[in-house]
Amino acid sequence: VNGQRHVLPEGKAEYTLLQWLREEGLTGTKLGCGEGGCGACTVMVSAYDCASERVVHRSANACLTPLYAVESCQVVTVEGLGTEKRMHPIQEKLALAHGSQCGFCTPGFVMSMYSLYRARIQDARGAPTMEEIEDQLAGNLCRCTGYRPILEAFRHFSKGNDESYYTRSDLAASESGGC
């Protein structure tokens, strides 16, 4: 988790990844609906795919993910991306675009965008299109800010945006370990 090796505890077959993360003190991953419909619990799970012989990065709803389903996987939570003093570029753009009011949904939006971007960069497909960003964020709900500032923040990472999108080296500089 976030670049640190953990041995999953025995006897926790009924636990979700979210329950365990929060018990470990990683409270940035939120419990919203508990049904996978709001995205507040989004994390990135990276696992080796034997068929393609590579590590695959995906967003996951931690409230639905059984704890033991992430055995031998790398899990990245919002705490693994950046800090208040050194934010990840995705966090920074969201803050600058005023894409957060109460902040409850913010970690989920950040992790959904980060998962998409990591997968695109790894596959050497470059920046996603705005349509792909919107599709990726379809599982995240915001009750206060609305979606305009969130989408404006993430537009900086989209294909065709000349202002800036971060390269593989930019993302690598802020990452906390691989699978």
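Conventions we followed
- Residues numbered from 1 in each chain as written.
- Predicted model: local features only at pLDDT ≥ 70, side-chain atom pairs only at ≥ 80, totals over all residues.
- Heavy atoms only, no water.
- Buried < 20%, exposed > 50% of the residue type's maximum accessible area, 1.4 Å probe, protein only.
- Helix = DSSP H or I, 4+ residues; strand = E, 2+ residues; numbered from the N terminus.
- Contact = heavy atoms within 4.5 Å.
- 1 Å grid on protein atoms, 1.4 Å probe; cavity = no way out; pocket = protein on both sides within 12 Å on 5 of 7 lines; lining within 4 Å.
- Points joined across faces, edges and corners; volume = space filled by probe spheres on them.
- Nonpolar A, V, L, I, M, F, W, Y, C, P; charged D, E, K, R; others polar.
- Pairing = 2+ DSSP bridges.
- Axes fitted to C-alpha atoms, helices over the stretch in contact; angles between N-to-C directions.
- Salt bridge = Lys/Arg side-chain N within 4 Å of Asp/Glu carboxyl O.
- Phe/Tyr/Trp six-rings, centres within 6.5 Å; stacked < 30°, edge-to-face > 60°.
- Disulfide = S-S within 2.5 Å.

## Points about helix α5 (residues 148-155)
For α5, every residue scored as buried is listed here: Pro 149, Ile 150, Leu 151, Ala 153 and Phe 154. Here the buried face of α5 lies against α2 (89-96), α3 (106-122) and α4 (130-136).

## A word on the layout of surface pockets
There is about 270 Å³ of room inside the second largest pocket. Taken together, 15 residues make up the lining of the second largest pocket; nearest its centre are Val 78, Glu 84, Met 87, Gln 91 and Thr 106. Breaking the lining of the second largest pocket down by element, the ones donating at least two residues are α2 and α3. Each residue belonging to the lining of the second largest pocket can be placed in one class, and the counts come to six nonpolar, seven polar and two charged.

## A short note on the pairing of strand β1 (residues 42-49)
Both β1 and strand β2 (residues 54-61) contribute to a ladder of eight bridges, which runs antiparallel. Across the sheet, the residue bridging to Val 43 is Ala 60, located in β2. Counting the residues between successive antiparallel strands, the hairpin from β1 to β2 contains four residues, one of them, Glu 53, with a positive phi of roughly 55°. As judged from the three bridges shared by β1 and strand β3 (residues 74-76), these two strands associate in the antiparallel manner. Note that in β3 the partner of Met 44 across the bridge is Val 76.

## Comments concerning the sheet that holds β2
Spatially, three strands are ordered β2-β1-β3 in an open sheet, and the strand pairing comes out antiparallel. Among the strands making up the open sheet, the edge pair consists of β2 and β3. The mean inter-strand angle of the sheet, taken between neighbouring strand axes irrespective of direction, is 25°.

## A few points about unusual backbone geometry
For Glu 53, which is not glycine, the phi torsion reads 55° and is therefore positive. With respect to the helices and strands, Glu 53 occurs in the loop between β1 and β2.

## Focus: the pattern of salt bridges
Counted by the stated rule, this structure contains two salt bridges. We note a salt bridge from Arg 120 to Glu 132, for which the minimum N-O separation is 2.7 Å. Note that Arg 120 is positioned in helix α3 and Glu 132 in helix α4, a separation of 12 residues in sequence. Taking the relative accessible area as the measure of exposure, Arg 120 reaches 5% and is therefore buried. As a salt-bridge pair, Arg 155 and Glu 152 come within 3.2 Å of each other at their nearest N and O atoms. On the criterion of helical spacing, the pair formed by Arg 155 and Glu 152 is a turn pair, its members being three residues apart in helix α5. A relative accessible area of 34% places Arg 155 in the partly exposed class.

## Considering the packing of aromatic side chains
Scanning the entire structure with this criterion turns up two aromatic pairs. With a centroid separation of 5.8 Å and an interplanar angle of 70°, the aromatic rings of Tyr 117 and Phe 157 are classed as edge-to-face. Taken together, the positions of Tyr 117 in helix α3 and Phe 157 in the loop between α5 and α6 (168-174) put the pair 40 residues apart, joining distant regions of the chain. For Tyr 117, a relative accessible area of 1% translates into the label buried.

## Some remarks on the environment of Ala 69
Tracing the backbone shows Ala 69 in the loop between β2 and β3. For Ala 69, a relative accessible area of 48% gives the class partly exposed. Along the sequence, Ala 69 and Ala 13 sit 56 residues apart, while their C-alpha atoms lie 9.8 Å from each other.

## Things to note about the state of the cysteines
Across all of its chains, the model carries zero disulfides by this definition. Cysteine Cys 102 is unpaired, with the sulfur of Cys 144 as its nearest cysteine sulfur at 3.6 Å. A residue is classified by how much of its surface remains accessible, and Cys 102, at 56% relative accessible area, is exposed.

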